Amino acid sequence: MATAFADEESIGVPAIISKKKQLLSSSLKRTSEWILSQDIPSDLTVHVGDATLNLHKLPLISKSGYIHKLISKPTTDSKIKTIDIKSIPGGIEGFEFASKFCYGVDFEITIENVALLRCVAEFLEMTEEYAADNLITRTEFFLQEVALTQITSAITVLHKSGTLLPAAERVKLISRCIDSIAYMTCKDQQLSRSPLNDANRNSSGFNPKPIVDWWADELTVLRIDIFQRVLVAMKARGFKEQAFGPLVMLYAQKSLRSLDIYGRAKKKIDPKQEHEKRIILETIVSLLPRERNSMSVSFLSMLLRASIYLDTTVACRLDLEKRMALQLGQAVLDDLLIPSFSEDEVFDVDTVKRILTNYIEHEGDGSRLDYATDDDLISLPPTDAAQVGRLMESYLAEIATDPNLNIEKFIGLGELVPEQARFNEDGMYRAIDIYLKAHPTLGDVDRKRVCRLMDCQKLSREACAHAAQNDRLPAQTVVQVLYSEQQRLRDSSMYSASFMGGDSPAVSYQGTPVLSGARYQSQSTNEVSRLQRENDELKMELFKMKMKMKESSGPLVYRETQASSTNAPRSADKPPLPKKSFINSVSKTLGKINLFLRSDSVGTTKTRAKPPKDRRHSIS
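Everything quoted here is computed from the prediction, not taken from an experiment.

Quick notes on the overall build of the chain
Point 1. Looking only at helices and strands, the chain features 28 helices and five strands.
Point 2. Burial analysis of the chain (620 residues in total) assigns 43% to the buried set.
Point 3. Contacts in the chain between residues far apart in sequence, at least 24 positions, make up 72% of those at least 6 positions apart.
Point 4. On the chain, roughly 34700 Å² of surface is accessible, and the fraction owed to carbon and sulfur atoms is 54%.

Right, here's the structure in full:
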């Protein structure tokens, strides 16, 4: 006996306890196998949700501390035959896995079921205190050695854990998966990044086209709140913020693709689903990188359409509008054709007007500010006003076909187009002509207001020729067009005459080869003859226009003359003097430029009216 006691002391008490547990576990396994093989009647009924299982007490209490406490709880009935298990993670599926483990039935632990097994094992208290190599130990070993060692498997476990909340949070399974994903993705980015890619930025500040990582598509299966936590952890680990663009874009495209954001049909979406989509969209906008050009304009336009469709917060919409304004020079016409989900108008003109207003404010700001990382500000690249001017003229021409478009909205948007962004007025004239054609009931006053959007002196010759014969334009606008063209030809003719009188062509046009002799004199003569012919044609057009205006106002002058002859006594000695009319004054002062220029542009430089400060950021 003493020898045996000494041997026990030399081995150590913990080793003996561990050996006893192993022996007990093997004996219980053999007992479970014997119970199954002998088909012994069950002595315990377990209710899990709506399911009922007839099992045996001994295998369950040998490995589950939770079931052991339920059965050993003192009651009036010494023999408990029924237990009810509520709120178990995974429901009946999770409990079946646990009961099989208790009975010793072999099954494979995979990345698809390890999250469920770990949560169930924690709920049923399947620890080493009740059996050696219990389910918690088994699942922890699989997580550390297999599941959390690769990006794809860790994302799969994280996705499965999202359906097991809050049990997965209690065992810190979600935080461990997120930390593993962040570590491995940052390591992968460092390995795949080369110095050539880091230096691949041109002087204008544009980034190279981002390459979507091979694991990016895996993240799109996550819930939006878990996806957000993953990106925050990646950023904390050192992941480059500009590389978030492809990740956010993929997630948005997959989660919002079921929305009908390109049509004008009424919403056909369940209110609960609409609320979920709204939360997803607002979170995505908050995750967008702050660096300029990190997202394409077309993607920002898609998010803005979805924001209007889902009726997100005002802050979310204004953020997207500001981002689009900073990259408006890269936009195409389809990016601005945002449908209006109201029944009045086809396109959402107010949104585009706010985008253009933001663009003008940033272009006019002397400091030329922009977003940068951590809300810092950097300078904008060189201006792209010419592209924006052409884009807005095309947009005006497109929305002009809407018969329900209010004249105030059309004029208000047209006045915002910067003067320096328009090389000529042909695009604005085209938009005005389309609007007048789509709105034939406009009065003469409204047509004049619309025509004030263009400067007749900056029309090309082709546009002048078309406008001179355009019946939709007011007569005053046609006269301005004709006079501007005549003045242009007159200036050209005077220059040619002075050029032939001995002025040096090298002084007038530096770099132009000087012509000499008969060849130069012949070309100059032909140019003067052509300009004189065009001048004569314009004079004829002006004469026809004066005659047309005189005919239209002739009956009125005749009636006024009759009324004056009946009311005032005629002198017998002197013949009556002809009464002056507006047409006479036009004919006498036709050569004066001030008559035919717009009243709001005489002696001043043309400027565009800007909306008041308090209305620039209005969402209505």
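Things to note about the nonpolar core
Point 1. Formed by 146 residues in total, the largest nonpolar core has its most connected members in Phe-95 and Tyr-395.
Point 2. The dominant element in this core, judged by the number of residues it contributes, is helix 15 (residues 297-310), at 10 residues.
Point 3. Excluding residues within four positions of it along the chain, Tyr-395 makes contact with Leu-333, Leu-336, Leu-337, Phe-347, Asp-348, Val-349, Val-352 and Leu-413.

Observations concerning helix 20 (residues 407-416)
Point 1. Most of helix 20 sits out of view: seven of its 10 residues are buried.
Point 2. Where helix 20 is concerned, the buried positions are Ile-407, Phe-410, Ile-411, Gly-412, Leu-413, Gly-414 and Leu-416.
Point 3. For helix 20, the capping residue at the N-terminal end is Asn-406, with a side-chain oxygen 2.6 Å from the backbone nitrogen of Glu-408.

Things to note about the state of the cysteines
Note on terminology: a disulfide is the covalent bond linking the sulfur atoms of two cysteines.
Point 1. Under the defined criterion, the tally for this structure stands at zero disulfides.
Point 2. There is no disulfide at Cys-464, and the cysteine sulfur nearest it, in Cys-456, is 7.7 Å away.
Point 3. With relative accessibility at 4%, the residue Cys-464 sits in the buried group.

With respect to helix 6 (residues 114-123)
Given 3.6 residues per helical turn, the α-helix brings residues three or four places apart onto the same face.
Point 1. In terms of residue burial, helix 6 counts as a mostly covered element, since eight of its 10 residues are buried.
Point 2. Inspection of helix 6 places Val-114, Ala-115, Leu-116, Leu-117, Arg-118, Cys-119, Val-120 and Ala-121 among the buried residues, and these make up the whole buried set.
Point 3. The positive-phi residue at the C-terminal boundary of helix 6 is Glu-125, with phi of around 55 degrees.

A short note on the pairing of strand 1 (residues 44-48)
Point 1. Most of strand 1 sits out of view: four of its five residues are buried.
Point 2. Count of turn residues in the strand 1/strand 2 (residues 51-55) antiparallel hairpin: two residues, of which Gly-49 carries a positive phi of about 65 degrees.
Point 3. Looking at chain direction, strand 1 and strand 3 (residues 82-85) are connected through four bridges and run parallel. Note on strand 3: the bridge partner recorded for Val-46 is Ile-83.

Notes on the pattern of salt bridges
Point 1. Within the structure shown, the criterion is met by 21 salt bridges.
Point 2. Ionic pairing is found between Arg-118 and Glu-122, a salt bridge with its closest N-O pair at 2.9 Å. Taken as a pair, Arg-118 and Glu-122 lie in helix 6 at a separation of four residues, close to a single helical turn.
Point 3. Residues Arg-176 and Glu-140 are paired through a salt bridge, measuring 3.0 Å at the closest nitrogen-oxygen approach. Residue Arg-176 is found in helix 10 (residues 173-192), and its partner Glu-140 is found in helix 7 (residues 135-145); the two are separated by 36 residues along the sequence.
Point 4. Judged by relative accessible area, Arg-176 falls into the partly exposed class, the value being 24%.
Point 5. Classification of Glu-140 as buried rests on a relative accessible area of 17%.
Point 6. One salt-bridge network, held together by shared partners, links Arg-118, Glu-122, Glu-140 and Arg-176.

Quick look at the packing of aromatic side chains
Point 1. Scanning all chains against the criterion turns up six aromatic pairs.
Point 2. Where Phe-410 meets Tyr-435, the ring centres are 4.3 Å apart and the plane angle is 15 degrees; that geometry is what we call stacked. Linking Phe-410 in helix 20 with Tyr-435 in helix 21 (residues 426-438), this pair joins segments that are 25 residues apart in sequence. Each member of the pair, Phe-410 together with Tyr-435, is buried.

Examining the packing of helix 5 (residues 91-103) against helix 6
Packed helix pairs are specified by the crossing angle of their axes together with the interaxial distance, meaning the distance between the axes.
Point 1. At a closest axis distance of 9 Å, the pairing of helix 5 and helix 6 adopts a crossing angle of 75 degrees. As summarised for this structure, helix 5 and helix 6 are arranged roughly perpendicular, according to the angle between their axes. On helix 6, the residues that touch Glu-93, Gly-94, Phe-97 and Ala-98 of helix 5 are Leu-116, Leu-117 and Val-120.

Structural notes on the confidence of the model for the chain
Point 1. Confidence in the prediction of the chain, expressed as mean pLDDT, is 75, and 64% of residues score 70 or more.
Point 2. Here helix 25 (residues 505-508) stands out as the least confident element of the chain, with mean pLDDT 34; helix 6 is the most confident, with 96.
Point 3. Throughout residues 194-210 the model reports pLDDT below 50, and contacts reaching past four residues in sequence, or to other chains, amount to 17 contacts.
Point 4. Confidence over residues 502-521 falls short of pLDDT 50; this stretch has 10 contacts with residues more than four positions distant or in other chains.

Some details on the environment of Leu-143
Point 1. Take Leu-143: it is sitting in helix 7.
Point 2. Its relative accessible area of 0% is what places Leu-143 among the buried residues.
Point 3. Spatially, the C-alpha atom of Leu-143 lies 9.5 Å from that of Thr-110, the residues being 33 residues apart in sequence.
Point 4. Discounting chain neighbours no more than four positions away, the residues touching Leu-143 are Val-114, Arg-118, Leu-148, Val-157, Leu-173 and Arg-176.

Some words on the environment of Gly-238
Point 1. Its location among the elements puts Gly-238 in the loop between helix 12 (224-236) and helix 13 (244-255).
Point 2. Note on Gly-238: relative accessible area 45%, which makes it partly exposed.
Point 3. Linking Gly-238 and Lys-187, residues 51 residues apart in sequence, is a C-alpha distance of 9.5 Å.
Point 4. If we ignore the near neighbours within four places in the chain, the residues touching Gly-238 are Cys-186 and Gln-189.

What about the pairing of strand 2?
Point 1. As judged from the five bridges shared by strand 1 and strand 2, these two strands associate in the antiparallel manner. Along strand 2, the bridge assignment pairs Thr-45 with Asn-54.

Cut-offs applied
- Residues numbered from 1 in each chain as written.
- Predicted model: local features only at pLDDT ≥ 70, side-chain atom pairs only at ≥ 80, totals over all residues.
- Heavy atoms only, no water.
- Helix = DSSP H or I, 4+ residues; strand = E, 2+ residues; numbered from the N terminus.
- Buried < 20%, exposed > 50% of the residue type's maximum accessible area, 1.4 Å probe, protein only.
- Contact = heavy atoms within 4.5 Å.
- Areas by Shrake-Rupley, 256 points an atom, 1.4 Å probe, with all protein chains shown as cover.
- Core = buried A, V, L, I, M, F, W, Y, C linked by side-chain atoms within 4.5 Å.
- Polar contact = N/O pair within 3.5 Å; in protein donor to acceptor, adjacent residues only side chain to side chain.
- Disulfide = S-S within 2.5 Å.
- Pairing = 2+ DSSP bridges.
- Salt bridge = Lys/Arg side-chain N within 4 Å of Asp/Glu carboxyl O.
- Phe/Tyr/Trp six-rings, centres within 6.5 Å; stacked < 30°, edge-to-face > 60°.
- Axes fitted to C-alpha atoms, helices over the stretch in contact; angles between N-to-C directions.
- Parallel < 35°, antiparallel > 145°, perpendicular 65-115°, else oblique.
- pLDDT = per-residue confidence, 0-100.

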